[in-house]
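Secondary and tertiary structure notes
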Amino acid sequence: MGVFNSIRKAFGRTDTVVQQAPIQFIGFELGGRHYTIDFSADDYASNAYNSCGTLKTVVNRNALAMANGSWWISDQDTNDMADRYPDIMQRLAAPNPYQSFQEFIIELEVYRQLYGECYVYFAAAEGKGVQNAYAWWAIAPNRVTITSHRNKLAAERGDITYSIDGNVSVPEEKMLHIRDVNVDTNLWPVIDRKANRVYSVRNAINNLILAEEALFAINKDRGALGILSNSAEDAAGHIPMTDTEKEAIQSKFANAYGLAAGQWKVIVTDANLKWQPMTMSVKDLQLLEGMQKNEQSICDVFNYPYELLSDTRGVTYANKREAEKAMYEDFVIPMSRIYAEAFTRALQLKDAQFMIDFSHLSFMKAADKDKADAFAKNATAVLDLYQRGIISREEARLKLEYDEDIKGQTMFSEAGEGGTGAQEAR
């Protein structure tokens, strides 16, 4: 190739022939690599939460739904017991100096969904019990280390110790550990950090990230369009571009040409270029269909109705209300009972328990109205049977789900077939 280089130098060309010049691409900030979550890393849960919009939406909405519950302390007959626990009632108003109780519950719920567990540290003064704690703190599970001296079957209270950030030791009685609804088959109090909801949908999360990146690339750079190559030749053959020429063409194409307002729609250049298209139909990519399937997978794993996401089609207002009602009945309220039982146990309430009430929500009020209407219709039918003497008063109470023991005498309506006064039970 030295002879041809000498010819080019004689005609004013100073560049040398490069036999295998590397292809240069436009618009790849990561050098052609795509951003995905590394699920082998310890911080994958928080990275996925911060990087995948669908995951963050579902987790946050579930947490907000749990925070809708009203917490109070009652006895077995639902009588208010707040006066017996003034310090705890203060924490239900403000668990710590920096959070409201709703913010505190939201943080706990986010941790539980992302990590499969959550922790509450009851900060109490020396010599004080957890009922007198001056602050409740939600602790991120990845900051907690558990040390157990026995397996789960033989463990007693006090056999487990906790440490926060490896240097703050916390006794067992001052730390509440709430697990997700995963089945734990290990005889050890430490759960597998990958046995959580996020890890189970790791492929769906990365698929969504890649699909969103592809849509962004199509909007920003018009997608993967093709190759602009130099077709100039001389007597010696193909004439390669200089680095300066390549940079000038790439700069103009990347910054000046495009579909946005103010950008060129036609390239005008004196370079001898050849265009090789490499485009693919957006419809053939089926990005939106793939995103929808992955979103549904995340919703299913996190018990969030897909109908409540904003990008659904063909979903009516009635469908959304029914989906919201089902979410509370099948997931939020059962999970709230786990919270109530865990706090009752950890705070050692005597003859009292935490109750989490959702009856103030609109769909719960509608459900109560439906129950009242059904009861009224049933009561009317039962009353008619009683007045006809077909059933007794005690049988009528049973049909209305009132407790009643029928022994010996039973009362029929005087106007009915049973005659007057009390008669023997038939």
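Preceding block: the structure.
Calculation notes
- Residues numbered from 1 in each chain as written.
- Predicted model: local features only at pLDDT ≥ 70, side-chain atom pairs only at ≥ 80, totals over all residues.
- Heavy atoms only, no water.
- Helix = DSSP H or I, 4+ residues; strand = E, 2+ residues; numbered from the N terminus.
- Buried < 20%, exposed > 50% of the residue type's maximum accessible area, 1.4 Å probe, protein only.
- Areas by Shrake-Rupley, 256 points an atom, 1.4 Å probe, with all protein chains shown as cover.
- Axes fitted to C-alpha atoms, helices over the stretch in contact; angles between N-to-C directions.
- Parallel < 35°, antiparallel > 145°, perpendicular 65-115°, else oblique.
- Left-handed = near helix turned anticlockwise from the far one by under 90°.
- Contact = heavy atoms within 4.5 Å.
- Nonpolar A, V, L, I, M, F, W, Y, C, P; charged D, E, K, R; others polar.
- Pairing = 2+ DSSP bridges.
- Expected span 1.5 Å × (residues − 1).
- Salt bridge = Lys/Arg side-chain N within 4 Å of Asp/Glu carboxyl O.
- Polar contact = N/O pair within 3.5 Å; in protein donor to acceptor, adjacent residues only side chain to side chain.
- Core = buried A, V, L, I, M, F, W, Y, C linked by side-chain atoms within 4.5 Å.

On to the overall build of the protein chain. Tallying secondary structure elements over the protein chain gives 13 helices and 14 strands in all. Across the 426 residues of the protein chain, 35% fall into the buried class. For the protein chain, the exposed surface amounts to about 25700 Å²; the carbon and sulfur share of it is 52%.

We now examine the packing of helix α3 (residues 53–67) against helix α5 (residues 101–115). Taken N-terminus to C-terminus, the directions of α3 and α5 make an angle of 135 degrees; their axes are 8 Å apart at the nearest point. Relative to α5, α3 is oriented oblique. Between α3 and α5 lies a crossing of right-handed hand. Of the residues in α5, those touching α3 at Val58, Val59, Asn60, Asn62, Ala63, Leu64, Met66 and Ala67 are Gln102, Ile105, Ile106, Glu109, Val110, Gln113 and Leu114. Partitioned by chemical class, the residues of the contact of α3 with α5 number 10 nonpolar, 4 polar and 1 charged.

Side chains Val144, Ile146 and Ser148 project from strand β4 (residues 144–148) onto a buried face, and the interleaved Thr145 and Thr147 project onto a face without burial. The pairing of β4 with strand β5 (residues 160–164) spans 5 bridges and is antiparallel. Counterpart to Ser148 in the pairing with β5 is Ile160.

Structurally, the position occupied by Thr344 is in helix α11 (residues 317–346). Beyond its immediate chain neighbours, meaning those up to four positions away, Thr344 contacts Leu349, Ala352, Gln353 and Phe354.

Bringing the sheet that holds β4 into the picture now. Strands sit in the order β4-β5-β6 across an open sheet of 3 strands; the sheet is antiparallel. Either end of the sheet is taken by a strand with one partner, and the two such strands are β4 and β6 (168–171). In this sheet, neighbouring strand axes are inclined to one another by 30 degrees on average, regardless of whether the strands run parallel or antiparallel.

Quick look at the sheet that holds strand β3 (residues 135–139) now. The strands that make up a sheet pair up through hydrogen bonds in the backbone, lying either parallel or antiparallel. Overall, antiparallel pairing links the 3 strands, which are arranged β3-β2-β7 in an open sheet. Of all the strands in the sheet, the pair left with one neighbour each is β3 and β7 (175–179). Pairwise comparison of adjacent strand axes, ignoring direction, gives a mean angle of 20 degrees for this sheet. In this structure, strand β2 (residues 117–123) lies alongside β3, joined through 5 bridges in antiparallel fashion. In the strand pairing of β3, Phe122 is matched with Trp136. Its contacts with the sheet put α11 on β2, β3 and β7, and the angle it makes with β7 is roughly 155 degrees.

Quick look at α11 now. For α11, which comprises 30 residues, the first-to-last C-alpha distance of 41 Å matches the rise-based estimate of 44 Å (1.5 Å per residue) to within 8%. Positive backbone phi, at 55 degrees, marks Gln348, one or two positions downstream of α11.

A separate point is the pattern of salt bridges. Evaluation of the coordinates by the stated rule reveals 7 salt bridges. Notably, a salt bridge pairs Arg143 with Asp165, separated by 2.6 Å at the nearest N-O pair. With Arg143 in the loop between β3 and β4 and Asp165 in the loop between β5 and β6, this pair connects stretches of sequence that are 22 residues apart. Arg143 sits in the partly exposed class, given a relative accessible area of 41%. Put simply, Glu109, Arg112, Asp180 and Arg197 are held in one network by salt bridges that share partners.

A separate point is the side chain of Asn206. When you line up the elements, Asn206 lands in helix α7 (residues 202–221). Within polar-contact distance, the side chain of Asn206 engages the backbone nitrogen of Ile37 at 2.8 Å. Beyond its immediate chain neighbours, meaning those up to four positions away, Asn206 contacts Thr36, Ile37 and Phe39.

We now examine the nonpolar core. Ranked by internal contacts, the top residues of the largest apolar core, which has 75 residues, are Phe122, Trp136, Ile205, Ile298, Tyr339, Phe343 and Phe354. Looking at this core, the element that brings in the most residues is α11, giving 12 residues. Apart from residues no more than four positions distant in its own chain, Ile205 is found in contact with Ile37, Phe39, Ala48, Cys52, Leu55, Val198 and Ile298. In this structure, Val144, Ile164, Val170 and Met175 belong to the second largest nonpolar core, which totals 9 residues.

Right, let's talk about the environment of Trp71 for a bit. Note that Trp71 resides in strand β1 (residues 70–74). Residues Trp71 and Met89, 18 residues apart in the sequence, show an inter-C-alpha distance of 9.4 Å.

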